[in-house]
Amino acid sequence: MNILAIESSCDETAAAVIKDGAEVLSNIIASQIEIHARYGGVVPEVAARSHIEVIIPVIEQALEEAKVSWENIDAIAVTKGPGLIGSLLIGVMTARELAIAKNKPLIGINHIWAHAFASFLTDNKPEFPFLALTVSGGHTTLSLYKDDLTREVIGETLDDAAGEAFDKVAKLIGLPYPGGPAISKSAESGDENAYKFPLANLGKDSFDFSFSGLKTAVLRQVQEITGVNPGSMDNKKSYELDEKIVADISASFQKAAVDALIKQTQKAYLRYSPKALVVGGGVACNSYLREKMHEIIPNAIFVPPVLCTDNAAMIGALAHKMYQQKKFIDPYELKADSSLEEI
Ligand code: KG4
Ligand code: ZN
């Protein structure tokens, strides 16, 4: 039983073929990182245009690499939200057309849900109910997954997503986009205790997150070091930081961001006593987060890095569960939803 899965919610155009919900036959990802890097972040119009250019070749390559012909595809799955509307539309329209032309059942997928279900593609599959921390450039969510089709969101970011904070701080200290990997690398030679950045205190019963105070604290620190006034912060040439300072800020910021993620996750883990903890999404590639989380919750299941950043294999993993429950949608009914919450 093979599913062709398509993902285009942000700046990666991806297609994958997943066999029996567990085996990744192909996982093709066309990244737009180089295109957006020169703007210091994702430009939605540019992302949509780039998806149009590559989506058909990416799908063809996924089928070719999987050595599966259209007759052996049992269903088509596509991300319907959340994400950038222009980007989502390209995947959704393509999947609708293909489902009609090839006469295949169609499944619409929630991208955040799929980040957590990427764990079903590993040898260490979680049991229900499991707690999932999904940390990416657009989302920071703690959810309790009760079965294949039911989840309860117990905490979310009130402002910036964790990855967004990494990206913005990187820009501020002169590191390239995407900021997460750049900060993580720079932090290796930095002192995490060089600067004291605050942790948001949202109350003992809250499982939410907030990263805007942390981002502002870094901004104030950079202003103090450089003497540059806030109005000129966007002008890259108005200041330059010494490499050691960049490394120290990276390490201190990373520590504060990871501490915040761990604090809320640990609190939720103790409160709900789930059978497993799954950590996924782009920020879950962060090795400091992996190390610190394992110290506290040793059997935490981290999605492997290639399945953490946006990909279509995770879309196929969730689609398999929905296929088993016959959760198909009429191609004429499928719509992109940029702020989708339900499955
Ligand atoms: O899941 P993803 O590919 O896309 C979204 O759905 O947003 O996540 C991308 C985000 C970016 O903000 C990037 O900076 C962050 O994940 N990221 C990292 C690391 N690798 C990627 N953040 C921290 N440490 C990393 N090693
Ligand atoms: Zn994502």
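You'll find the structure just up there.
Residues numbered from 1 in each chain as written. Chains lettered and ligands numbered in written order. Predicted model: local features only at pLDDT ≥ 70, side-chain atom pairs only at ≥ 80, totals over all residues. Heavy atoms only, no water.

Draft legend 1. Broad picture of the sheet that holds strand E1 (residues 2–7). The strand order across the open sheet built from five strands is E3-E2-E1-E4-E5, with neighbouring strands paired in mixed fashion. Of all strands in the sheet, those bounded by a partner on one side alone are strand E3 (23–31) and strand E5 (106–110). Sheet twist, expressed as the mean angle between neighbouring strand axes with direction ignored, is 20 degrees. Where strand E2 (residues 12–19) lies against E3, eight bridges are found, and the strand directions are antiparallel. Residue pairing in the sheet places Ala14 in a bridge with Ile29 of E3. Of the strands in this sheet, E1, E2 and E3 touch helix H2 (residues 44–66), which is tilted by about 25 degrees from E2. (Pairing = 2+ DSSP bridges. Helix = DSSP H or I, 4+ residues; strand = E, 2+ residues; numbered from the N terminus. Axes fitted to C-alpha atoms, helices over the stretch in contact; angles between N-to-C directions. Contact = heavy atoms within 4.5 Å.)

Draft legend 2. Structural detail: the coordination of the zinc ion (ligand 2). Bound to the zinc ion (ligand 2) on the protein side are His111 (NE2), His115 (NE2) and Asp310 (OD), at distances that span 2.0 to 2.1 Å. With four donor atoms in place around the zinc ion (ligand 2) and angles of 93 to 145 degrees between them, the coordination shape is irregular. Positions of the donor residues of the zinc ion (ligand 2) along the chain correspond to the pattern H-x3-H-x194-D. You can see His115 sitting in helix H4 (residues 111–117) and its partner Asp310 sitting in the loop between helix H10 (305–308) and helix H11 (313–324), a full 195 residues away along the chain. (Donors = N, O, S within 2.8 Å, 3.2 Å for Na, K, Ca; no water. Tetrahedral: all angles 85-135°; square planar, octahedral: opposite > 155°, others 65-115°.)

Draft legend 3. Main features of the site of ligand 1. Around ligand 1 lies a shell of 19 residues, among which Gly137, Asp167, Gly180, Asn286 and Asp310 are the nearest. The backbone of Gly282 places a nitrogen or oxygen atom 3.0 Å from an oxygen atom of ligand 1. Mapped by element, the contributors of at least two residues to the shell around ligand 1 are H4, helix H5 (162–172) and helix H6 (179–187). Looking at the shell around ligand 1 residue by residue, the class counts come to six nonpolar, 11 polar and two charged. (Near = heavy atom within 4 Å. Polar contact = N/O pair within 3.5 Å; in protein donor to acceptor, adjacent residues only side chain to side chain. Nonpolar A, V, L, I, M, F, W, Y, C, P; charged D, E, K, R; others polar.)

Draft legend 4. A look at the pattern of salt bridges. According to the stated counting rule, one finds 10 salt bridges in the structure shown. For Asp259, the salt bridge is made with Lys255, and the minimal N-O distance between the two is 3.0 Å. One end of the pair is Asp259 and the other is Lys255, both in helix H8 (residues 243–272) and four residues apart, which spans about a single turn. The partly exposed category is assigned to Lys255, whose relative accessible area is 22%. Of the charged contacts in the structure, one is a salt bridge between Lys292 and Glu295, with a shortest N-O distance of 3.9 Å. A residue pair is termed a helical-turn pair when its members lie 3 or 4 positions apart in one helix, as Lys292 and Glu295 do in helix H9 (residues 287–296) at three residues. One network of salt bridges, with partners in common, ties together Asp160, Glu164, Lys168 and Lys215. (Salt bridge = Lys/Arg side-chain N within 4 Å of Asp/Glu carboxyl O. Buried < 20%, exposed > 50% of the residue type's maximum accessible area, 1.4 Å probe, protein only.)

As far as function goes, none of this settles anything; it's purely spatial.
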